[in-house]
Amino acid sequence: MSEDKTMTAQTVVETRELIKVYGDGVGVHALDGISLSIPRGQFVAIIGPSGAGKSTLLHMLGALDRPSRGEVIIDGQSLGTVRDLDRFRNRTIGFIFQMHNLIPTLTALENIEVPMAEAPLSARRKRERARELLKLVGLEARGNHLPNMMSGGERQRVAIARSLANQPAILLADEPTGNLDSKTTDEIMDLLETLNREQGMTLIVVTHNPQVAGVAERVLTLRDGKIESDIAFSSPYEKDLIDLKHSQLGRAILAGSADLPAELASSAEPLRQLLMQV
């Protein structure tokens, strides 16, 4: 495990002393000096309590809002120097929101084609691209279905396909499973993990859901507009060990408590040594 900023690959997202203040006078510091680097191909979860600045940070990274001070650099381009943010956003950044935001009068294929409206592609190539993406998310048989003919999970899959239409450098997701049940959440997170692993997609997900954060390889915790912790995991088991370390049982093991269950007596010391390493 490492709490250092990960710089093992080409940096695709970087922020430098990012500050966002809302309101006049004293104002509210939604972000207060956020500096981070995200290498290409990393899967990052951003967690923290309500009001910590998670969605504000995502909006800054997605060029949906401008910082009060500081700099955001996406795929080598400082957003402060971009004249046409709409065009840049459409070509460089994919978005997935809690609500799928599909156009109800368009089919799945047509919804996926919407971001490609200004792309230098023929209508035939756009349709081919849309079909490829529907197949990627496992919905090739739903191409001619309207949103109201699909389940919530299927609509979110179409939204994910749409976010990939212009082959973005990064994919940003704001509570992408917030309206889904646990089974469908697992399916959507499996899909995002596959995109990250097999397509090399850089994913940044804001979530309150530990089930979602548990899939990421790096977890940023925000509190009061600052980064409280930045932890990169070497394996899923390491996350489980950290959860155990901070549990009541883990604290008792670390303290060498004599009140541990008898069944744990023989393994308590090896566990203590292991927990001390994470």
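Counting from 1, residues in each chain are numbered in the order their sequence is written. Predicted model: local features are reported for residues with pLDDT of at least 70 only, side-chain atom pairs are reported and counted for 80 or more only, and whole-chain, interface and lining totals are derived from all residues. Hydrogens and water are ignored here; the side-chain numbers use all heavy atoms of the structure.

The relation between two aromatic rings is expressed through the spacing of the ring centres and the mutual angle of the planes. Centres within 6.5 Å are what make two rings of Phe, Tyr or Trp a pair, Trp counting through its six-membered ring; a difference in plane orientation under 30 degrees is then read as stacked, over 60 as edge-to-face, and the rest as tilted. Scanning the model with the defined rule gives one aromatic pair in all. Seen from their ring centres, Phe 95 and Phe 97 are 5.8 Å apart, and the 5° between their planes marks the pair as stacked. A 1.4 Å probe rolled over the protein chains alone gives each residue an accessible area, and that area as a share of the maximum for its type sets the label: buried under 20%, exposed over 50%, partly exposed in between. Exposure remark for Phe 95: the relative accessible area of 18% places this residue in the buried category. Classification of Phe 97 by relative accessible area gives partly exposed; the value is 30%.

Moving on, we get to the sheet that holds strand β10 (residues 226-232). Strand pairing in a sheet is mediated by backbone hydrogen bonds. Such pairs are either parallel or antiparallel. Paired strands, as defined in this entry, are two strands with at least two bridges between them according to DSSP. A run of H or I in DSSP counts as a helix once it spans at least four residues, and a run of E counts as a strand once it spans at least two, with each numbered from the N terminus. Strand order in the open sheet made by the six strands is β6-β7-β8-β3-β9-β10, with mixed pairing throughout. The open sheet has two edge strands with one neighbour each: β6 (93-96) and β10. Sheet twist, expressed as the average angle between the axes of neighbouring strands with direction ignored, equals 15°. In this sheet, strand β7 (residues 170-174) lies alongside β6 in parallel orientation, the contact comprising four bridges. From the neighbouring strand, Phe 95 faces β7, where its bridge partner is Leu 172. In this fold helix α2 (residues 85-92) packs onto β6 and β7, with an angle of close to 80° to the strand it touches most, β6. Only heavy atoms matter for contacts: two residues are in contact if any of them lie within 4.5 Å across the pair. Working convention: axes come from line fits to C-alpha atoms, limited for helices to the stretch in contact. Angles between N-to-C directions cover 0 to 180 degrees. Each of β6 and β7 touches helix α5 (residues 152-163); the most contacted strand, β6, lies at about 170° to it.

Counting residues in each nonpolar core, the largest one holds 38 residues, and the members touching the most others are Leu 134, Val 158, Ile 160 and Leu 192. Among the elements of the structure, β3 (43-47), α3 (108-113), α4 (123-136), α5, β7, α6 (182-199), β8 (202-206) and α7 (210-213) are those that each provide at least two residues to this core. In terms of residue count, α6 provides more of this core than any other element does, five residues in total. Those residues in contact with Val 158 that lie beyond four places of it in its chain are Leu 102, Ala 108, Asn 111, Ile 112, Leu 134, Leu 139 and Met 150. Residues enter a nonpolar core if they are buried and are Ala, Val, Leu, Ile, Met, Phe, Trp, Tyr or Cys, with the set joined through side-chain atoms within 4.5 Å. Within the second largest apolar cluster, 30 residues are counted, among which are Leu 31, Leu 36, Ile 46 and Leu 58.

Expected span of a helix: the number of residues minus one, times 1.5 Å. In this model, α4 (14 residues) spans 20 Å end to end at C-alpha, consistent with the 20 Å of a helix rising 1.5 Å per residue. Along α4, the residues classified as buried are Lys 126, Arg 129, Ala 130, Leu 133 and Leu 134. Angularly, the buried residues of α4 cover 135° about the axis, an arc narrow enough to put them on a single face. Among the exposed residues of α4, those oriented more than 90 degrees off its buried face are Arg 124 and Lys 135. If you follow the buried residues of α4, they end up packed against α3 and α5. Directly after α4, the chain includes Gly 138, whose backbone phi takes a positive value near 80°. When we speak of the arc, we mean the arc of directions from the helix axis to the C-beta atoms.

Once that is clear, we can look at the side chain of Lys 20. By secondary structure assignment, the location of Lys 20 is in strand β1 (residues 11-22). What qualifies as a polar contact is a pair of N or O atoms within 3.5 Å, subject to a donor-acceptor requirement within protein and to the restriction that residues adjacent in sequence count only when both atoms come from side chains. Side-chain polar atoms of Lys 20 contact the side chain of Asp 65, separated by 3.4 Å. With residues near it in sequence (within four places) discarded, Lys 20 still touches Val 28, His 29, Ala 30, Leu 31, Thr 56, Met 60, Asp 65, Arg 66, Pro 67 and Ser 68.

This part covers the pattern of salt bridges. Any Lys or Arg side-chain nitrogen located within 4 Å of an Asp or Glu carboxyl oxygen qualifies as a salt bridge. Within this structure, the stated rule accounts for 15 salt bridges. Here Arg 16 ties to Glu 71 by a salt bridge, and the two come within 3.3 Å at their closest N and O atoms. Taken together, the residues span a long stretch of sequence, with Arg 16 in strand β1 and Glu 71 in strand β4 (residues 69-74) at a distance of 55 residues. Classification of Glu 71 by relative accessible area gives partly exposed; the value is 25%. Glu 128 is the partner of Arg 124 in a salt bridge, and the nearest nitrogen-oxygen pair spans 3.5 Å. Here Arg 124 pairs with Glu 128, and both are found in helix α4, just four residues apart, close to one helical turn. Each of Arg 124, Arg 125, Glu 128 and Glu 132 takes part in a single network of salt bridges with overlapping partners.

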